[in-house]
Amino acid sequence: MSKALKLIKVNASNPKVWVVVIGVSVAGIVILAETQRRKRNAKALLSKDFGAFIKRFEILPFPQPPPPAAKQTLAGLTFAISDIFDVKDYVTGFGNPDWERTHGEADKTAVAVTALLKNGATCVGKTVMDELGLGISGENMHYGTPVNPQMPSYVPGGSSSGSAVAVAAELVDFALGTDTMGGLRIPASFCGILSFRPSHGAISTIGVLPNSQSLDTVGWFTRDPSILHRVGHALLRLNAVEPRRTRRLIFADDLFQLSNVPKQKTAYVVSKAIENLSGYEPPKNMNFGQYIASNIPSLKGFHEPSATVHNGTSALRALSSVMVSLQRYEFKTNHEEWIKSVKPRLASDVSEYVLAAVNSAPGYIKGLYKVRTEMRAALQSLLKDNGILVIPTVVESSLKRNSKRAYSTEFRDQALVLLSIASVSGCCQVTIPLGKHGECPISVSLISYHGADKFLLDTLLDMYSPLQEQVGIVSKSAVLPDTNGNMDASELLKEKGNAAFKGKQWNKAVNYYSEAIKLNEINATYYGNRAAAYLELACFREAEEDCNRAISLDKKYVKAYLRRGTARESLLHYKEAIEDFKHALVLEPQNKVANHAEKRLRKLLS
């Protein structure tokens, strides 16, 4: 019973109480109505701009110069900017109210914003971003989370979430954001749009709040490849013409194993798209983790050797740890004084990250910068003047809003492995949408050497239409059915597979085991053996799937648990890997491999 009704019941005969009660009730109704009105207004505002904007304003472009000057290349286009860029007479908020409260208005506009205004574009406002540029989900507890137009129940990705949403929702033609450890690439992938992270230092960061100077870049989002190209020319001040070069596409097979982006589909789509284009060599394949493990000597000091980690995965982890350590060191240098004096209110995940940065005291700073130098040289050596590395942009296509996984250390660690390549090397990277996998948008990224921005922009413009055409074709294609056959023949094929495995002919072994499976789909050993061969080839997702099938057929198949644990560890799914090794220990308590692996992973997670 409400307080008002209790008063009425106890004092029904007292008219003074009636007056008080009526007053309280009316006030309650007024407050309720006001609350509902505000909620409706907030909902209307959110539906109007998808929660992308933090401030709306209009800055008109510079006047068109008189003839014979060329027409402004961005005339008629609108753009938005993340709340990390200075605009004269506005406070730059850095995604946090305490930062905005403790800082004054900017006296100049950021160089990158000015360049766009000079080229005829109109700025229409500032967009929401992750606090202090540190998040990767795009959620902001102070200003709200922008709504992903592709999937409203999923996060937009961060840190430049509002800028990505403004473009994806067609509120602007393009938008500026920053990318330190994925701030452009993650939201572009999650929202199904294009983004360009330029070579480090190629675009001025004057008038942009610093996060980590060695990693920070100014980049942009668009829906249209020609606008991506035009914005690039305006910001990078590129020459209109340069000599035509052949293009070499190199697929990093092991990196596709870390992602849920289907490698076979992606490779087919890209290969078909360039088939009829002039100047493209047939795509090549490589194990990128092995390459950096062999070509970056300084990286050896940053990872723990592990007997069960295959083919360069430990080197990739080490590269991402170097990136994080470098970012924390420079963030601390830039903002420690403000953090300690203001004690800002931060979201829990951002607060934990800031605390780790402020409390970090790495004694190997020179080593971090040395890895960065060697990484750039290694990419230059691999790609030369015409190479393009093809990788998945992100590990997971997207995450549900308010998901605990978005804030987990495991998710962040997995995401940063792929993102560290361009961030540490300083190379340019373009993110390209490739339709959907299930219900989520997926993308692929092209990386070229430091300074190859025009080459990469031209490549994207060249490839985009045939690429999207092939995406449409492949999305309608059917999967080939399996066949069944004779048991004795399958055993013979298994033995041939075993012989190939012993001879270290891993691909041949996979082919024999696959033929055996076609003839007999209910033999757990065939799947388990093929999983072992896949592990040797660094095909971790395929190995995991085979082990899943083997375990469904035989719940006590210890080797399948061990192999699945190894695959999951290599895919950075540490918690799931621990469960597999624990299960193997239940079945075989004295199993040393499982025991060592389980202890090692627990230590890693702690």
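It should be emphasised that the depicted structure is a prediction, and the values quoted were computed from it without experimental measurement. (Residues numbered from 1 in each chain as written. Predicted model: local features only at pLDDT ≥ 70, side-chain atom pairs only at ≥ 80, totals over all residues. Heavy atoms only, no water.)

1. As for the sheet that holds strand β1 (residues 53–59)
Strand pairing in a sheet relies on backbone hydrogen bonds. The paired strands run either parallel or antiparallel.
Link 1 in the chain: If you walk across this open sheet you meet the 11 strands as β1-β3-β2-β4-β6-β5-β10-β11-β9-β7-β8, and the pairing is mixed. Only two strands of the sheet have a single partner each, and these edge strands are β1 and β8 (284–286). With strand direction ignored, the average angle separating the axes of adjacent strands in the sheet is 25°.
Link 2 in the chain: Pairing between strand β2 (residues 78–82) and strand β3 (residues 122–127): four bridges, direction parallel. Looking across to β3, one finds that Ser82 is bridged to Thr127.
Link 3 in the chain: In the packing of helix α9 (residues 263–274) onto the sheet, the strands contacted are β7 (248–252), β8, β10 (428–437) and β11 (440–448), and the crossing angle to β7 comes to about 175°.
Link 4 in the chain: Contacts between helix α14 (residues 409–425) and the sheet are confined to β4 (174–179), β5 (194–197), β9 (387–392), β10 and β11, with β9 contributing the most and set at about 150° to the helix. (Pairing = 2+ DSSP bridges. Helix = DSSP H or I, 4+ residues; strand = E, 2+ residues; numbered from the N terminus. Axes fitted to C-alpha atoms, helices over the stretch in contact; angles between N-to-C directions. Contact = heavy atoms within 4.5 Å.)

2. A few points about the side chain of Arg541
Link 1 in the chain: By secondary structure assignment, the location of Arg541 is in helix α19 (residues 540–553).
Link 2 in the chain: Excluding residues that lie within four positions of it along the chain, Arg541 makes contacts with Phe256, Gln257, Leu258, Ser259, Asn260, Val395 and Leu571.

3. Notes on helix α5 (residues 161–168)
Because each turn of an α-helix spans 3.6 residues, side chains separated by three or four positions end up pointing in the same direction.
Link 1 in the chain: Within α5, eight of the eight residues are buried, leaving the element largely enclosed by the surrounding structure.
Link 2 in the chain: Three or more residues of α5 are buried, namely Ser161, Gly162, Ser163, Ala164, Val165, Ala166, Val167 and Ala168.
Link 3 in the chain: At its buried positions, α5 is contacted by β1, β2, β3, β4, α6 (185–191) and β6 (217–222).
Link 4 in the chain: Glu170 lies just past α5 and shows a positive phi near 65°. (Buried < 20%, exposed > 50% of the residue type's maximum accessible area, 1.4 Å probe, protein only.)

4. Brief notes about the confidence of the model for the protein chain
Link 1 in the chain: Here the protein chain averages 88 in pLDDT, and 88% of its residues register 70 or above.
Link 2 in the chain: Of the regions scoring below 50 in pLDDT, residues 1–31 engages in 11 contacts with residues more than four places distant in sequence or in other chains.
Link 3 in the chain: Throughout residues 478–487 the model reports pLDDT below 50, and contacts reaching past four residues in sequence, or to other chains, amount to 11 contacts. (pLDDT = per-residue confidence, 0-100.)

5. Quick look at the pattern of salt bridges
Link 1 in the chain: Under the criterion given, the structure shown has 20 salt bridges.
Link 2 in the chain: A salt bridge links Arg568 to Glu544; the nearest nitrogen and oxygen atoms lie 2.8 Å apart. Remark: Glu544 occurs in helix α19 and Arg568 occurs in helix α20 (residues 558–570); sequence separation between them is 24 residues. Comparing Arg568 with Glu544, the two get one shared label, buried.
Link 3 in the chain: When the shortest N-O distance is used, the salt bridge between Arg568 and Glu576 registers 3.6 Å.
Link 4 in the chain: You can call Arg568 buried: its relative accessible area is 12%.
Link 5 in the chain: Salt bridges linked by common partners bring Glu544, Arg564, Arg568, Glu576 and Asp580 together as one network. (Salt bridge = Lys/Arg side-chain N within 4 Å of Asp/Glu carboxyl O.)

6. A closer look at the packing of aromatic side chains
Link 1 in the chain: Following the criterion strictly, the structure yields nine aromatic pairs and no others.
Link 2 in the chain: When the ring of Phe57 is compared with that of Tyr90, the centres are 4.6 Å apart and the planes differ by 35°; the resulting orientation is tilted. One end of the pair, Phe57, is in strand β1; the other, Tyr90, is in the loop between β2 and α3 (97–101), with 33 residues separating them in the sequence.
Link 3 in the chain: Of the residues examined, Tyr90 reaches a relative accessible area of 28% and is grouped as partly exposed. (Phe/Tyr/Trp six-rings, centres within 6.5 Å; stacked < 30°, edge-to-face > 60°.)

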